[in-house]
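So the chains spell out like this:
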Amino acid sequence: MEIFKHITPLKAFLREQKLKRRTVGFVPTMGALHAGHLALVGTSKNANDVTVSSIYVNPAQFNNTKDLEKYPRTLETDAALLEKVGCDVLFAPDNSEMYPQKATLKFDFGPLDKVMEGEFRPGHFSGVALVVSKLFHIVEPDNAYFGRKDFQQFAIIRQLVTDLNFNLTLHCVDTLREADGLAMSSRNLRLNPEERQLAIVFYKALQEARQQLKAGATVAAVKNSVRQMIEAQSRTRFEYFEVADPLNLNALDNVREVSQPILCIAGYIGEIRLIDNMFLD
Ligand code: PAF
């Protein structure tokens, strides 16, 4: 695997690949890699000649400095994992490479970035859009791969690609789960054993909500019971549960308003913020 810390040699390498008419797949990450990330790399490898992954903990998308400081950084282990699954290129820049000067550009995605994560993490998606735009300009991939766990992020990047005419195809890859159903996430590394047990509540709440909605319960009633279920558990804090249209993330009052509603949930276990989602069907 080729490892680049700087943009110029990475671009030169990729230019050569493109001259040889090789297709490039791209998996952007913030590191602390788990099987979900490696599945994205595998999906890219199956469809592209060259797979590039990036590892960069992007300060612009953290609205909480403590969260940024504590975000797991495991570059050496991550590089070994990427190498093992046959990733061709790792781009691991530092802050001075990505932001040689303070970036002032802000993005506004209208209603898309005001709901759910947007409401609880103001500025987060502007920071994501900024770094993803930079990475797309640097790598110029043919295909880019993102996990479904961050469904709102995917919806926003889809809007970004359309609005800025990025010449690439986006792919949303299914969430990988632990044996008990917990969605794989880099943040899971920060859960202690007791918290790890408690963290399953979000998956259970989604499953319960799905069952109730399918049995005909109203969205309002299900919202109430999800909140109660989360709040009944110790060391657990509820942030939101929404039933939304997956295209524009509009909150639905009735699941029959769209053909495939998505259920989204977020909250804290101790100090660790977790999110998850599930389609109704
Ligand atoms: O999903 C992530 O890991 C990050 O938000 C991303 C897309 C790599 C941008 O920093």
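Caption draft 1: Here's a closer look at the sheet that holds strand E9 (residues 272-279). Within the open sheet, the 3 strands sit side by side as E7-E8-E9. Their pairing is antiparallel. The sheet terminates laterally at strand E7 (236-244) and E9, the two strands that pair on one side only. Pairwise comparison of adjacent strand axes, ignoring direction, gives a mean angle of 15° for this sheet. Relative to the sheet, helix H10 (residues 201-214) contacts E7, strand E8 (262-269) and E9, its axis offset from that of E8 by approximately 150°.

Caption draft 2: Seen up close, the nonpolar core. Judged by nonpolar contacts, the single largest core of 47 residues is most densely connected at Phe136 and Leu170. Considering every element that reaches this core, the biggest residue donor is helix H7 (residues 124-139), with 10 residues. Setting aside its immediate chain neighbours within four residues, Leu170 contacts Phe136, Ala144, Phe146, Phe154, Ile157, Arg158 and Val161. With 29 residues, the next largest nonpolar core counts Phe238, Phe241, Val258 and Leu280 among its residues.

Caption draft 3: Layout of the site of the ligand. The full set of residues close to the ligand is Pro28, Thr29, Met30, Gln61, Val131, Phe146 and Gln153. Note that an oxygen atom of the ligand is positioned 2.6 Å from one of the side-chain N or O atoms of Gln61. At 2.7 Å from an oxygen atom of the ligand is found a side-chain nitrogen or oxygen belonging to Gln153. Relative to its free-state accessible area of 290 Å², the ligand is covered by the protein chains to the extent of 89%. By residue class, the composition of the shell around the ligand is 4 nonpolar, 3 polar and no charged.

Caption draft 4: Expanded view of the pairing of strand E6 (residues 169-173). Relative to E6, strand E5 (residues 143-147) runs parallel, the two being bridged by 5 bridges. Looking at the pairing, Ala144 lines up with Leu170 of E6.

Caption draft 5: Local environment of the packing of helix H1 (residues 7-19) against H7. At a minimum axis separation of 9 Å, H1 and H7 run at an interaxial angle of 50°. For the element pair H1 / H7, the angle class is oblique. On H7, the residues touching Ile7, Leu10, Lys11, Leu14 and Lys18 of H1 are His137, Ile138 and Val139. Residue composition of the contact of H1 with H7, by class: 5 nonpolar, 1 polar and 2 charged.

Caption draft 6: Focus on the layout of surface pockets. Within this model, the largest pocket holds a volume of roughly 330 Å³. What lines the largest pocket is a set of 20 residues, among which Ala60, Lys106, Gly123, Ser126 and Gly127 lie closest to the centre. When residues in the lining of the largest pocket are grouped by element, the largest group, 5 residues, is from H7. Residue composition of the lining of the largest pocket, grouped by class: 9 nonpolar, 6 polar and 5 charged. Around the second largest pocket, the lining comprises 13 residues; the ones closest to its centre are Asn64, Asp67, Tyr268, Glu271 and Arg273. Of the residues forming the lining of the second largest pocket, the biggest block, 3 residues, is contributed by helix H3 (residues 65-70). Looking at the lining of the second largest pocket residue by residue, the classes come out as 2 nonpolar, 2 polar and 9 charged.

Caption draft 7: Quick peek at the packing of H10 against helix H11 (residues 219-231). Direction vectors running N to C along H10 and H11 enclose 155°, while the axes themselves pass 10 Å from each other. One way to sum up the angle between H10 and H11 is to call them roughly antiparallel. Judged by the twist between their axes, the crossing of H10 over H11 is right-handed. Between H10 and H11, the contacting residues are Val201, Phe202, Lys204, Ala205, Glu208, Ala209, Gln212 and Leu213 on the first element and Val219, Val222, Ser225, Val226, Met229 and Ile230 on the second.

Reading guide: rules and limits
Residues numbered from 1 in each chain as written. Predicted model: local features only at pLDDT ≥ 70, side-chain atom pairs only at ≥ 80, totals over all residues. Heavy atoms only, no water. Pairing = 2+ DSSP bridges. Helix = DSSP H or I, 4+ residues; strand = E, 2+ residues; numbered from the N terminus. Axes fitted to C-alpha atoms, helices over the stretch in contact; angles between N-to-C directions. Contact = heavy atoms within 4.5 Å. Core = buried A, V, L, I, M, F, W, Y, C linked by side-chain atoms within 4.5 Å. Buried < 20%, exposed > 50% of the residue type's maximum accessible area, 1.4 Å probe, protein only. Near = heavy atom within 4 Å. Polar contact = N/O pair within 3.5 Å; in protein donor to acceptor, adjacent residues only side chain to side chain. Areas by Shrake-Rupley, 256 points an atom, 1.4 Å probe, with all protein chains shown as cover. Nonpolar A, V, L, I, M, F, W, Y, C, P; charged D, E, K, R; others polar. Parallel < 35°, antiparallel > 145°, perpendicular 65-115°, else oblique. 1 Å grid on protein atoms, 1.4 Å probe; cavity = no way out; pocket = protein on both sides within 12 Å on 5 of 7 lines; lining within 4 Å. Points joined across faces, edges and corners; volume = space filled by probe spheres on them. Left-handed = near helix turned anticlockwise from the far one by under 90°.

By themselves, these observations are geometric and do not establish any function.
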